[in-house]
Amino acid sequence: MISELLERVHGRTSAADVVLKTDETLSLAFEAGRLKSSSYAQERGVNLRVVVDGRMGFAGSTAEDIEVLVASAFASAGVGEPVRLELPGPEPAPRVLTHYPRAAAASVSQLADLGKLVLSRLTRDGSQVSVNVERSVGSVRVANSNGADTNYDITTVSLSAELTRVQGDDVLIVSDHIAGADLPVEPDLESMVDWMLQRVEWAARAAEARSGALPVCFTPSGTAVLLAPLQLAMQGKSVLQGVSPMGDKKGKVVFDSGFTLVDDPLLDGRSGSRPFDDEAIPSRRLPLIERGRVNGFVYDLETAGRAKVPATGHARRSTFGKPQAAYSNLSIAPGALTFPELLAQIRDGLLVDELLGVGQGNVIGGAFSHPVALAYRVINGEVAGRVKDVAVAGTVYELLKRIAGIGKEVRWMGSVGVPAMVLEGVAVTGK
Amino acid sequence: MKNRLRDALKTSRADYTEIRLERSWTSAVAFRGHRLEGANASLDAGGFVRCLNQGYGWGVASFTSVDRLPAMVSRAHEMSLAVRLDDPIHLAPVPVREDDVRLDLDGDVRGISLEAKKQLLQGLNDLMLGYDRRIVDTQAAYRDEVTEYWFACSNGTLLYELRPEVTLSAVATAREEGGMERALESIGLRRGWNSVQHREEEFLTAARRAVELLKAPRVRGGRYPVVLDPKLAGVFVHEAFGHLSEADFVYENPQAREMMRLGRRFGSELLTIGDDGSAAGLRGTLPYDDEGTPTQNTTLIQNGVLVGRLHSRETAARMGESATGNARALSFRHPPIVRMTNTYIASGKGTREDLLSGIELGVYACDALGGQTYLEDFSFTAGYGYMIRKGKIAEMVRDVTLAGNLFHTLDGVDGIAGDFHWNQMGGGCGKGFQVPLPVTEGAPHIRIRDVAIGGDPA
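Residues numbered from 1 in each chain as written. Chains lettered and ligands numbered in written order. Predicted model: local features only at pLDDT ≥ 70, side-chain atom pairs only at ≥ 80, totals over all residues. Heavy atoms only, no water.

(A) Quick look at the overall build of chain B. Regarding its fold elements, chain B presents ten helices and 24 strands. In terms of overall dimensions, chain B is globule-like: its C-alpha atoms have a radius of gyration of 24 Å, near the 23 Å expected for 458 residues. Overall size of chain B, expressed as C-alpha extent along the three principal axes, is 70 × 55 × 35 Å. Taken across its 458 residues, chain B has 62% of its residues classed as buried. The long-range fraction of contacts in chain B, counting pairs at least 24 apart against all pairs at least 6 apart in sequence, stands at 74%. Of the roughly 16,400 Å² of accessible surface on chain B, a fraction of 49% belongs to carbon and sulfur atoms. Measuring between centres, the 54 positive side-chain charges of chain B sit 1 Å from its 61 negative side-chain charges. (Helix = DSSP H or I, 4+ residues; strand = E, 2+ residues; numbered from the N terminus. Rg over C-alpha atoms; globule rule 2.2 N^0.38 Å. Buried < 20%, exposed > 50% of the residue type's maximum accessible area, 1.4 Å probe, protein only. Contact = heavy atoms within 4.5 Å. Areas by Shrake-Rupley, 256 points an atom, 1.4 Å probe, with all protein chains shown as cover. Lys, Arg positive; Asp, Glu negative; His and termini not counted. Charge placed at Lys NZ, Arg CZ, Asp CG, Glu CD.)

(B) Here's a closer look at the pattern of salt bridges. All told, the structure shown has 71 salt bridges over all chains when counted by the stated rule. For R50(B), the salt bridge goes to E291(B), with nearest N and O atoms at 2.8 Å. Taken together, the residues span a long stretch of sequence, with R50(B) in strand β2 (residues 35-52) and E291(B) in the loop between β9 (273-276) and β10 (297-302) at a distance of 241 residues. The two residues R50(B) and E291(B) agree in class, both being buried. Residues R199(B) and E202(B) are paired through a salt bridge, measuring 3.2 Å at the closest nitrogen-oxygen approach. It is possible to trace a salt-bridge network through shared partners that takes in E31(A), R34(A), K36(A), D87(B), E252(B), E314(B) and R318(B). (Salt bridge = Lys/Arg side-chain N within 4 Å of Asp/Glu carboxyl O.)

(C) Structural context of the domain arrangement of chain A. Residues and elements named next belong to chain A. Considered domain by domain, chain A is made up of domain 1 (2-200) and domain 2 (206-431). Measuring from the centre of the C-alpha atoms in domain 1 to the corresponding centre in domain 2 gives 23 Å. Taken together, the contacts link 49 residues of domain 1 with 40 residues of domain 2. In total, domain 1 and domain 2 occlude about 3,500 Å² of area from one another, counting both sides; carbon and sulfur atoms represent 57% of this. The partner of D353 in a salt bridge is R199, with the nearest N and O atoms 3.0 Å apart. Taken together, the links from domain 1 to domain 2 amount to 16 residue pairs in polar contact (both at pLDDT 80 or more). Class assignment for the residues of the side of domain 1 that touches domain 2 results in 28 nonpolar, eleven polar and ten charged. (Domains from an automatic or database assignment. Buried area = accessible area lost by both parts, 1.4 Å probe. Polar contact = N/O pair within 3.5 Å; in protein donor to acceptor, adjacent residues only side chain to side chain. Nonpolar A, V, L, I, M, F, W, Y, C, P; charged D, E, K, R; others polar.)

(D) Quick look at the side chain of T319(A). Residue and element names in this part refer to chain A. Inspection of the secondary structure assignment puts T319 in the loop between β11 (315-316) and β12 (324-325). A relative accessible area of 16% means that T319 is categorised as buried. When sequence neighbours within four positions are dropped, the list of residues in contact with T319 reads G45, V46, N47, A59, G60, S61 and T62.

(E) Main features of the sheet that holds strand β19 (residues 411-413) of chain A. All names here are of chain A. Read from one edge of the open sheet, six strands run β10-β9-β8-β13-β20-β19, paired in mixed fashion. Two strands close off the open sheet at either side, each with one partner strand: β10 (293-294) and β19. Across two bridges, the pairing between strand β13 (residues 330-332) and strand β20 (residues 416-418) is parallel. Residue pairing in the sheet places S331 in a bridge with G417 of β20. (Pairing = 2+ DSSP bridges.)

(F) Inspection of the packing of aromatic side chains at higher detail. By the definition in use, this model includes 17 aromatic pairs over all chains. Judged by centre distance (5.6 Å) and plane angle (40 degrees), the ring pair of F266(B) and F407(B) falls under tilted. With F266(B) in the loop between α7 (254-259) and β9 and F407(B) in helix α10 (residues 406-411), the pair connects residues that are 141 residues apart, well separated along the chain. Accessibility assignment for this pair places F266(B) and F407(B) in one class, buried. The interplanar angle of 20 degrees and the centroid separation of 5.3 Å between the aromatic rings of F378(B) and F380(B) together place this pair among those described as stacked. Here F378(B) and F380(B) have matching classes, each one buried. A network of ring pairs unites the aromatic residues W195(A), W202(A), F339(A) and Y376(A) as a single cluster. Note that R110(B) overlies the ring of W25(B), its terminal NZ or CZ placed 5.1 Å from the centroid. (Phe/Tyr/Trp six-rings, centres within 6.5 Å; stacked < 30°, edge-to-face > 60°. Lys NZ or Arg CZ within 6 Å of the ring centre and 35° of its normal.)

(G) A look at the interface of chain B and chain A. Each side of the interface is counted separately: chain B has 73 residues, and chain A has 66 residues. Both sides of the chain B and chain A interface together cover about 5,800 Å² of buried area, and 49% of this is carbon and sulfur. Linking chain B with chain A are eight salt bridges. Between R34(A) and D87(B) there is a salt bridge, with its nearest N and O atoms 3.6 Å apart. Our count for the chain B to chain A interface comes out at 32 residue pairs in polar contact (both at pLDDT 80 or more).

(H) Seen up close, the nonpolar core. In this structure, Y142(B), L228(B), F241(B) and L402(B) are the most contacted members of the largest nonpolar core, which totals 158 residues. Three or more residues apiece are contributed to this core by two domains, here domain 1 (2-200) and domain 2 (206-431) of chain A. If sequence neighbours within four positions are ignored, L402(B) has contacts with V226(B), L228(B), L232(B), A365(B), F378(B), S379(B), F380(B), A382(B), V451(B), A452(B) and I453(B). If you look at the next biggest cluster of nonpolar residues, it comprises 52 residues, including L214(A), L286(A), V352(A) and A375(A). (Core = buried A, V, L, I, M, F, W, Y, C linked by side-chain atoms within 4.5 Å.)

(I) A look at the pairing of strand β18 (residues 401-405) of chain B. All names here are of chain B. With five of five residues buried, β18 lies mostly within the body of the structure. Residue alternation in β18 divides its side chains into two sets, T401, A403 and N405 and L402 and G404, and both sets are buried. Bridge count for β18 against strand β24 (residues 446-454) is three bridges, and the pairing is antiparallel. Opposite L402, over in β24, you have I453 as the bridge partner.

(J) Inspection of the pairing of strand β16 (residues 377-389) of chain B at higher detail. All names here are of chain B. The buried fraction of β16 is high, at eleven of 13 residues. Sheet analysis places β16 next to β18, joined by five bridges and oriented antiparallel. Among the inter-strand pairings, S379 is bridged to a residue of β18, identified as A403. One ladder, built from four bridges, connects β16 with strand β17 (residues 392-397); its direction is antiparallel. Within β17, the position partnered with I388 by the bridge is I393. In textbook terms, the turn of a hairpin is the stretch between consecutive antiparallel strands, and for β16 and β17 this stretch comprises two residues, one of which, K390, has a positive phi near 50 degrees.

(K) Main features of the sheet that holds strand β20 (residues 421-423) of chain B. Strand order in the open sheet formed by six strands is β11-β10-β9-β14-β23-β20 (chain B), and the pairing between neighbours is mixed. Edge strands, defined here as strands with exactly one partner in the open sheet, are β11 (305-306) and β20 of chain B.

(L) Summary view of the packing of helix α1 (residues 2-9) of chain A against helix α2 (residues 66-78) of chain A. Residues and elements named next belong to chain A. It is at 11 Å that the axes of α1 and α2 come closest, and there the two elements cross at 50 degrees. On the basis of their axis angle, the class for α1 and α2 is oblique. α1 and α2 meet at a crossing whose hand is right-handed. Two secondary-structure elements touch here, α1 through E4, L5, R8 and V9 and α2 through I66, E67, L69, V70 and F74. In terms of residue class, the contact of α1 with α2 is made up of six nonpolar, no polar and three charged. (Axes fitted to C-alpha atoms, helices over the stretch in contact; angles between N-to-C directions. Parallel < 35°, antiparallel > 145°, perpendicular 65-115°, else oblique. Left-handed = near helix turned anticlockwise from the far one by under 90°.)

(M) Looking closely at unusual backbone geometry. All names here are of chain B. Note that the residue after V435, namely P436, is joined by a cis bond; omega there is 0 degrees. Counting through the fold element by element, P436 comes out in strand β22 (residues 434-437). Although it is not a glycine, H198 adopts a positive phi angle of roughly 60 degrees. In this structure H198 comes out as exposed when scored by relative accessible area, which is 71%. The residue N303 is not glycine, and still its phi comes out positive at about 45 degrees. Assignment of secondary structure puts N303 in the loop between β10 and β11.

Pasting the structure below:
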């Protein structure tokens with residue numbers, strides 16, 4: 001279908017490229033302690049982009065009709081914006097593992113065993129546990145009018161667990177998930193379960209929070225509030241639109257020298273890994289912030305062309321949209337401290353695991369103010385109990401200028417990998 | 001197509017089988033600043049089969065290769081047989097219907113050129129860009145959809161629906177001396193091309209507000225009496241109460257069932273809350289849900305007392321209650337789960353001014369950028385707000401986030417005005433990876449005695 005599409009538009013376009021993605025997913029849902037449903041999903045989608053008279057058009061479909069797809073892409077180009085697209089030619093593929101045969105071959109009962117293992121370890125009286133296990137086997141093929149034609153296979157296995165405990169009007173929800181291209185090994189599942197149970201145990205006691213500018217330890221999931229503005233600010237498109245606070249900071253040190261943020265599509269077995277991006281550009285590691293210094297932004301071909309910089313190979317295409325720059329595996333570099341050593345930095349403060357409403361409001365500006373969903377008071381380096389009715393506030397770009405401690409263990413949640421971090425001077429408002 | 005569905009059902013060996021098929025024509029136009037991001041049309045087609053067998057769990061197959069429907073029916077049956085269940089799943093009875101429902105396309109968007117759609121949006125985007133030199137960035141989006149939908153299940157129900165949808169959204173970003181503010185407006189309707197004409201006011205409002213917010217100080221954090229405008233009150237009822245009333249949260253959880261037992265008092269006599277999937281002409285409205293159950297108006301809280309909840313056939317059977325027509329799926333890629341439709345706080349008496357009077361110092365919180373719940377705890381972010389001083393609306397403030405505990409907050413509702421209206425916004429609700437599901441919220445102005453407002457720490 002791909003070659004046929006490219007042939008069909010050849011001669012009528014100055015450039016064209018096509019992405020074909022296929023996917024078959026098995027998922028198992030354990031609800032309230034038992035396997036409740038199993039699902040199979042099959043998906044096949046093609047996305048065509050054309051440049052006609054210097055204008056870009058695109059179209060996507062899950063239906064098989066080539067004529068309709070081509071006509072839609074030309075109609076889109078008819079009203080499209082002028083672009084300069086430098087499509088890549090054939091390039092050698094960097095090595096990265098994205099497909100594990102044993103993950104692809106895993107049976108329903110093997111996948112169910114993974115879920116049961118986690119379920120049995122988490123189940124406690126008075127709480128409900130839900131677990132989802134999902135395994136996808138897919139393929140990606142990208143080809144263009146410049147002779148590039150790449151393809152690779154992918155597997156993804158993910159497992160998520162949620163424990164809910166309701167006591168009177170008090171609700172505790174602790175959740176976690178792991179994902180990668182291979183089947184998870186038992187130590188990874190054990191460490192996920194242990195970390196969930198640790199958070200449940202800490203919540204057994206209630207504590208009152210003190211108000212003021214306090215040191216706060218963010219768990220890996222708690223760092224979502226710190227990453228959210230950076231994920232927007234490090235987008236080349238935000239820089240182009242003049243809305244990134246980092247846009248004029250390239251080459252400057254604006255964060256603590258211990259802070260490094262990297263996008264790396266070439267990590268074996270991670271769920272965001274790929275040898276090529278969805279515009280057939282070979283993948284490479286890109287430090288976005290290196291030891292506190294702003295180093296680079298992510299671009300797809302269109303935004304790179306507008307910014308007159310080289311494309312960084314960050315295009316992602318869904319079946320229906322046009323390519324957009326997206327991170328592959330985004331991670332904060334680890335520090336030197338164990339988790340107890342991190343907590344030991346805090347004489348009186350908070351441990352924040354989840355906040356409510358992250359991602360709403362003026363995110364890219366960096367200012368945040370959120371009530372906690374799950375947080376604990378820390379006194380003299382020890383967790384003293386769960387706090388509720390507490391809000392934390394601050395400005396991410398200011399808080400990351402001085403970091404009191406970064407954990408040595410990076411925890412991967414899907415394609416985002418982060419250590420725990422201690423920041424000082426976070427505004428905490430108690431009851 | 002109906003015959004294909006009937007034939008496929010006949011081949012099924014499962015005790016219960018349901019099939020959905022969908023074919024959607026979508027077009028979308030987006031501007032970012034002066035630049036067109038893209039304008040395109042797409043076609044999405046696929047199906048969903050779900051089977052249930054005595055002594056086994058749900059088996060599901062979803063697919064884009066519609067010609068493989070019969071194979072997918074047997075796949076779903078096999079998937080069900082892979083799940084042994086001691087505790088059987090039952091489905092509440094629903095009426096058997098054979099029905100064709102063609103909603104008013106109101107100017108079929110499939111007959112309008114991409115060029116015309118681009119022109120429409122460009123005009124609206126230019127209004128924002130030209131409003132003030134401080135408007136540095138905009139995002140304007142138009143999206144439409146017409147879906148053909150077929151549903152059939154082994155109890156005999158066979159449905160065909162033709163559903164339109166159209167949304168417009170405006171985001172304006174204003175910048176001055178290091179300060180940067182955004183304002184949003186959106187419209188979402190289960191209608192067509194005719195209803196998105198003459199929408200200049202919404203786009204100008206977004207631009208005007210972004211500029212106004214530049215001068216507004218951050219609200220000072222603390223606890224205040226708060227008046228919510230109907231938009232925010234609607235998001236409040238959806239986030240703070242609606243999600244808890246979805247029976248899939250309570251049906252397998254004895255402690256949660258106790259917390260949400262019918263007859264429990266949730267607020268004052270003033271408070272009546274419901275969900276109405278059958279309300280005429282709204283975005284969350286459909287004649288049937290995705291299990292073939294007719295939609296209805298379900299009262300959840302009547303004068304402060306919990307009297308109902310939202311159900312799928314499975315949750316209703318488990319709890320010995322009736323299906324309410326709230327099992328909804330985002331598309332053929334997803335199973336139906338318990339969702340809201342059009343959720344409302346019923347109108348009370350009096351005006352906004354009646355609610356304001358008597359408040360010495362408070363916050364008038366307007367519009368919603370979003371909300372999130374952690375079951376009994378919730379947070380939502382207002383688009384903007386004003387201080388209330390001596391019973392009157394005073395200066396504008398920004399970064400107004402409201403947080404609270406559901407039980408305390410509903411208890412604290414001490415005024416409900418008589419100015420009810422439905423908020424026909426774009427966006428939608430998210431749950432279990434199914435986002436954005438079209439929903440509507442409706443409310444009058446309401447007053448809450450004591451709410452935590454985030455902002456500059458006091």
